[in-house]
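# Coordinate analysis (summary)
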Amino acid sequence: MPYVITEPCIGVKDKSCVAVCPVDCIKEADDQLYIDPSECIDCGLCEPECPVDAIFMEDEVPEQWSKYIQINADYAKK
């Protein structure tokens, strides 16, 4: 199950998570970083690196940020 970057990343884009990702599945957009679910290998290395706790496993995304599951997937298709 892939990881998802959620709302707390907006305007932050710390990129600590990018540095530890072994498959480069984290992409940058204007407002935040996104994880390509088709490239994510579910290693979990990115989650503890996020200083704003914006990264969750897909099935653990808090309800208020559930729309980011689709947002990450849609961004990856661009």
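Because the structure is a prediction, the values reported are computed rather than measured. (Residues numbered from 1 in each chain as written. Predicted model: local features only at pLDDT ≥ 70, side-chain atom pairs only at ≥ 80, totals over all residues. Heavy atoms only, no water.)

## Some words on the overall build of the protein
Secondary structure assignment for the protein yields 2 helices and 4 strands. Relative to a compact globule of 78 residues, whose C-alpha radius of gyration would be 12 Å, the protein shows 11 Å and is just as compact. Counting only C-alpha atoms and orienting by the principal axes, one finds that the protein spans roughly 25 × 25 × 25 Å. Pairs at least 24 residues apart make up 62% of the contacts formed inside the protein by residues separated by at least 6 positions. Total accessible area on the protein is roughly 4400 Å²; 49% of this is exposed by carbon and sulfur atoms. Across the protein, the mean location of the 6 positive side-chain charges is 9 Å away from that of the 17 negative side-chain charges. (Helix = DSSP H or I, 4+ residues; strand = E, 2+ residues; numbered from the N terminus. Rg over C-alpha atoms; globule rule 2.2 N^0.38 Å. Contact = heavy atoms within 4.5 Å. Areas by Shrake-Rupley, 256 points an atom, 1.4 Å probe, with all protein chains shown as cover. Lys, Arg positive; Asp, Glu negative; His and termini not counted. Charge placed at Lys NZ, Arg CZ, Asp CG, Glu CD.)

## Side note on unusual backbone geometry
With a phi angle near 75 degrees, lysine 15 is a residue other than glycine that sits in the positive phi range. Assignment of secondary structure puts lysine 15 in the loop between β1 (3-5) and α1 (16-20). Of the residues examined, lysine 15 reaches a relative accessible area of 38% and is grouped as partly exposed. Positive phi, normally seen in glycine, also occurs at aspartate 42, with a value near 60 degrees. (Buried < 20%, exposed > 50% of the residue type's maximum accessible area, 1.4 Å probe, protein only.)

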